[in-house]
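Topology and contacts: notes
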Amino acid sequence: MQTLAELDLPHVAVEDPAFAADPVRHFREAKGQHPWIAASDIGYWVHDYTAIRDLLSQDDKLRPAYDGIIEIMGAHGTPWGRFTEQQMISLPVEQHRMLRTTFATKFTPRFANQLRPMMQATIKRMLDEWAPKGSFDFEEFASSFPISVMFTLVGAPVEEIPAIRASLETLGLAFSMDKSRIPEIHEAFARLETLVQRIIAERRASPEKGQRGDLLDLLIETSDEGGVPQRQLEDLVIFFFIAGYDTSKNVLTYTIRLLLDRPDLYERCAADHDYCRKVLEEGLRLFNPGSVPRFTDQDIVYRDVLLPKDTMLWFTLNISGRDQLAFSDPDTFNPDREIDPLTRPIAFSLGKHMCLGQHIARAQLQEALHQIAQRLRNPSLDGEYGWRPYPGAWGLKGLPIKFTPADAIPEPA
Amino acid sequence: MVKVKFVQADGSEKVVEIAPGLSLMEAAQSSGVPGILADCGGNCSCGTCRVFVEAAWRERTGTANELEQDMLEMHANRQDGERLSCQLTMTAELDGLVVSLPASQF
């Protein structure tokens, strides 16, 4: 058995902008030196698909490492630090189980399906406003979609979307480990926390409480029935905003980038609602924003390597579908690819911390793609784009496109 | 120990022995039964451990609970007797249970 110190591990400069532009190449190079783990200044990176599955599914031996991030960022004792260390995913096992079980019923496929008409109406309204432009930054357009859905779900005032979107943009960069962002992170968190506390308080005091049947009603009712403290309800709604914003936005933006090179598939998305689901699943294999941090909660020996207790590990969910050992022709975008159960994509993580909002995310992305493909015809790249920092919520930074505006295709009766 | 027969979509069968108290999903995974994915580890979050309980056993297994039903809605091809195996706890009265698996959990 070898210790990490005894291994000649490659060092990956994950914080480097050049790394964010092509992490797949960098991790493939790292794999030449060691097959499944690399070192960095902020912890170790498990980048092999099979190793990710093997290790990340061991819930009993790992714990979320958000306290480690707060330590690195020097944010202990701040409101953002408190939230990050006490959000549902970071709670002790029993508290996490109780909260997750309490709220799980509101994040099911059935609930997500019930939201589809609202999601369709939201994206149609946005396209009515944006499509006539003929060209725009798709990332900016996409950034308005998940937040508009989330605002509708909790009955938040739409006039506050621009300010909260700016806050979520900042908070989405919080895990990039750039300490210079700390002042704006605190400001952004305060704005979001204030909004969430206000909408919950106003709903509780409103004669409409329990009558609207939206997600906020359901969460308040469920938390009251389950004896969930007010602070944890607020944290859940804050988490709902943070987790649902740039994840969905970045996936939608990257999927469109893929489709710009495949006009045949894009055309099919306009006509075939179900095919959009396949396109998105394949898109999630090629790209997703997440790399998840964990601490080892005990010594783990994996492939004859000792990972000592309290080692910080990052799991590269975001490029796990590009593993050349696990996937044939991994860089080719093929929505008709047969999914092997042993190498199915893991964009939404594994185990008890698997993304609670995955069914809502999938539904809103499918509805959005189907409508976008109808209204923005023959899209093409209209300039250069960049990349967001790799750790945290990775993705494209800007995606200028031009297109021919069109009316929606009437849905079959 | 109680016995359960898993029938794959291609007709192949495997009988495994399970300690009462474990879930059917845990039994399948520990016995190497393919086709039960259970990405969420048994937390009724992913819907990838679906099985179809043979008609003669449905009264004893009971029907899917509300959360299970809501999760099962992710599948297009719904069938009678479907359950998420992570929510089915094995008991002595389920000795001899027969379940079949879908061709795909997606």
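Residues numbered from 1 in each chain as written. Chains lettered and ligands numbered in written order. Predicted model: local features only at pLDDT ≥ 70, side-chain atom pairs only at ≥ 80, totals over all residues.

1. Comments concerning the overall build of chain A
Heads up, the rule is: Secondary structure follows DSSP: runs of H or I at least 4 residues long count as helices, runs of E at least 2 residues long count as strands, and numbering of each begins at the N terminus. Radius of gyration here is computed from C-alpha atoms only, and the compact-globule reference equals 2.2 Å multiplied by the residue count raised to the power 0.38. Remark: C-beta atoms are placed from the backbone, and a residue is labelled buried if 20 or more other C-beta atoms sit within 10 Å of its own, exposed if 12 or fewer do, or partly exposed between those counts. Throughout, a pair of residues is in contact if the C-beta atoms placed from their backbones lie within 7 Å.
Scanning chain A from terminus to terminus reveals 16 helices and 13 strands. A compact globule built from 413 residues should have a C-alpha radius of gyration of about 22 Å, and chain A, at 21 Å, falls within 12% of that. Overall size of chain A, expressed as C-alpha extent along the three principal axes, is 65 × 50 × 40 Å. Within chain A, buried positions represent 45% of all 413 residues. A fraction of 73% describes how many contacts in chain A between residues 6 or more apart in sequence connect residues 24 or more apart.

2. Focus on the overall build of chain B
A count of helices and strands for chain B gives 3 helices and 5 strands. Its C-alpha radius of gyration of 12 Å places chain B within 12% of the 13 Å reference for a compact globule of 106 residues. Dimensions of chain B, computed from C-alpha atoms along their principal axes, come out at roughly 35 × 30 × 25 Å. Every one of the 106 residues in chain B was classed for burial, and the buried ones make up 37%. Residue pairs in contact within chain B that sit at least 24 positions apart in sequence constitute 61% of those at least 6 positions apart.

3. A short note on the pairing of strand 1 (residues 2-7) of chain B
Residue and element names in this part refer to chain B. Counted only if it meets this: Any two strands with at least two DSSP bridges between them are considered paired.
With 6 bridges joining them, strand 1 and strand 2 (residues 13-18) adopt antiparallel strand pairing. Looking at the pairing, Phe6 lines up with Lys14 of strand 2. Counting the residues that bridge the hairpin from strand 1 to strand 2 gives 5 residues, and of these Gly11 lies at a positive phi of roughly 95 degrees. Where strand 1 and strand 5 (residues 97-100) come together, 4 bridges link them in parallel fashion. Paired with Val7 across the strands is Ser100, a residue of strand 5.

4. A look at helix 14 (residues 263-271) of chain A
Residues and elements named next belong to chain A. Here is the rule: Regarding the arc, it is the one traced by the directions from the helix axis to the C-beta atoms.
Here helix 14 has its buried residues at Leu265, Tyr266, Cys269 and Ala270. Down the axis of helix 14, the buried set is contained in an arc of 150 degrees. They therefore lie on one face. Facing away from the buried surface of helix 14 by more than 90 degrees, the exposed residues are Asp264 and Ala271. Looking at the buried side of helix 14, the elements it contacts are helix 13 (230-260), helix 15 (273-286) and helix 16 (358-375).

5. Details of the interface of chain B and chain A
The condition that has to hold: Any residue outside Ala, Val, Leu, Ile, Met, Phe, Trp, Tyr, Cys, Pro, Asp, Glu, Lys and Arg is labelled polar, Gly included; the first ten of those are nonpolar and the last four are charged.
Across the contact, 17 residues belong to chain B and 16 residues belong to chain A. Of the residues in the side of chain B that touches chain A, the class split is 8 nonpolar, 6 polar and 3 charged.

6. Quick word on the environment of Pro405 of chain A
All names here are of chain A. Residue position: Pro405 is located in strand 13 (residues 400-405). By C-beta crowding, Pro405 is classed as partly exposed, having 14 other C-beta atoms within 10 Å. Taking the C-alpha atoms as reference points, Pro405 and Trp130, 275 residues apart in sequence, are found 9.2 Å from one another. When neighbours within four sequence positions are excluded, Pro405 is seen to be in contact with Ala131, Pro132, Gly134 and Arg375.

7. Side note on unusual backbone geometry
Residues and elements named next belong to chain A. In this structure, Asp310 is a non-glycine residue whose phi angle is positive, near 75 degrees. Positionally, Asp310 belongs in the loop between strand 8 (305-307) and strand 9 (312-315). For Asp310, a count of 13 C-beta atoms within 10 Å corresponds to the partly exposed category. A positive phi angle is found at Asp329, which is not glycine, with a value near 50 degrees. With respect to the helices and strands, the residue Asp329 is situated in the loop between strand 9 and helix 16. Since 8 C-beta atoms lie within 10 Å of it, Asp329 is described here as exposed.

8. Notes on the environment of Phe141 of chain A
All names here are of chain A. Here Phe141 shows up in helix 9 (residues 138-154). For the pair formed by Phe141 and Leu127, sequence separation is 14 residues and the distance between their alpha carbons is 9.0 Å. If we ignore the near neighbours within four places in the chain, the residues touching Phe141 are Trp130 and Phe136.

9. Notes on the environment of Leu91 of chain A
Residues and elements named next belong to chain A. Here Leu91 is to be found in the loop between helix 5 (79-86) and helix 6 (93-104). Accessibility expressed as a C-beta count within 10 Å gives 18 for Leu91, which makes it partly exposed. Considering only alpha carbons, one finds Leu91 and Pro64, 27 residues apart in sequence, at a separation of 8.8 Å. Once you skip the residues sitting within four places of it in the chain, Leu91 turns out to touch Gln86, His96 and Leu99.

10. A short note on the sheet that holds strand 13 of chain A
Residues and elements named next belong to chain A. The condition is simple: Here the axes come from fitting lines to C-alpha atoms, over the contacting stretch only for helices, and the angles between their N-to-C directions go from 0 to 180 degrees.
Ordered in space as 5-13-10, the 3 strands form an open sheet in which the pairing is antiparallel. The strands lining the two open edges of the sheet, one partner per strand, are strand 5 (135-137) and strand 10 (376-381). Each neighbouring strand pair of the sheet contributes to a mean axis angle of 30 degrees, computed without reference to strand direction.

11. Digging into the nonpolar core
As a reminder, the rule being used: Each nonpolar core consists of buried Ala, Val, Leu, Ile, Met, Phe, Trp, Tyr and Cys residues. Their C-beta atoms, within 7 Å, join them into a set.
Judged by nonpolar contacts, the single largest core of 112 residues is most densely connected at Val46, Leu192, Val237, Phe241 and Leu369 of chain A. Per-element accounting of this core gives the leading share, 14 residues, to helix 13 of chain A. Sequence-distant contacts of Val46 of chain A, defined by excluding residues within four places in its chain, comprise Trp36, Ile37, Ala51, Ile52, Leu55, Leu313, Phe315 and Thr316 of chain A. One finds Leu24, Val53, Met71 and Val99 of chain B within the second-largest nonpolar core, a separate group that totals 26 residues.

12. Some thoughts on the sheet that holds strand 1 of chain B
Strands pair in a sheet through their backbones, by hydrogen bonds, and they do so in one of two ways: parallel or antiparallel. Residue and element names in this part refer to chain B. A sheet is described by the order of its strands in space; here 5 strands give the open sequence 2-1-5-3-4, paired in mixed fashion. At either margin of the open sheet sits one strand with a lone partner, and together these are strand 2 and strand 4 (82-84). For this sheet the average axis-to-axis angle between neighbouring strands, irrespective of direction, equals 35 degrees.

13. Considerations on the packing of helix 10 (residues 161-172) of chain A against helix 11 (residues 182-205) of chain A
Residue and element names in this part refer to chain A. Counted only if it meets this: An angle counts as roughly parallel when it lies under 35 degrees, as roughly antiparallel when it exceeds 145, as roughly perpendicular when it falls between 65 and 115, and as oblique in every other case. Each crossing gets its hand from how the near helix is turned against the far one by less than a right angle, where anticlockwise is left-handed and clockwise is right-handed.
Between helix 10 and helix 11, whose axes approach to 8 Å, the crossing angle comes to 135 degrees. Here helix 11 runs oblique to helix 10, going by the angle between their axes. With respect to the hand of their crossing, helix 10 and helix 11 are arranged in left-handed fashion. Taken together, the residues of helix 11 that come into contact with helix 10 (itself represented by Ala163, Ile164, Ser167, Thr170 and Leu171) are Glu184, Ile185, Ala188, Phe189, Arg191, Leu192 and Leu195.

14. So, the packing of helix 9 of chain A against helix 13 of chain A
Residue and element names in this part refer to chain A. One way to put it is that helix 9 packs onto helix 13 with a least axis distance of 8 Å and a crossing angle of 145 degrees. The hand of the helix 9/helix 13 crossing is right-handed. Two secondary-structure elements touch here, helix 9 through Phe138, Glu139, Ala142, Ser143, Phe145, Pro146, Ile147, Met150 and Val154 and helix 13 through Val237, Phe240, Phe241, Gly244, Tyr245, Ser248, Lys249, Leu252, Thr253 and Ile256. A per-class count over the contact of helix 9 with helix 13 returns 13 nonpolar, 4 polar and 2 charged.

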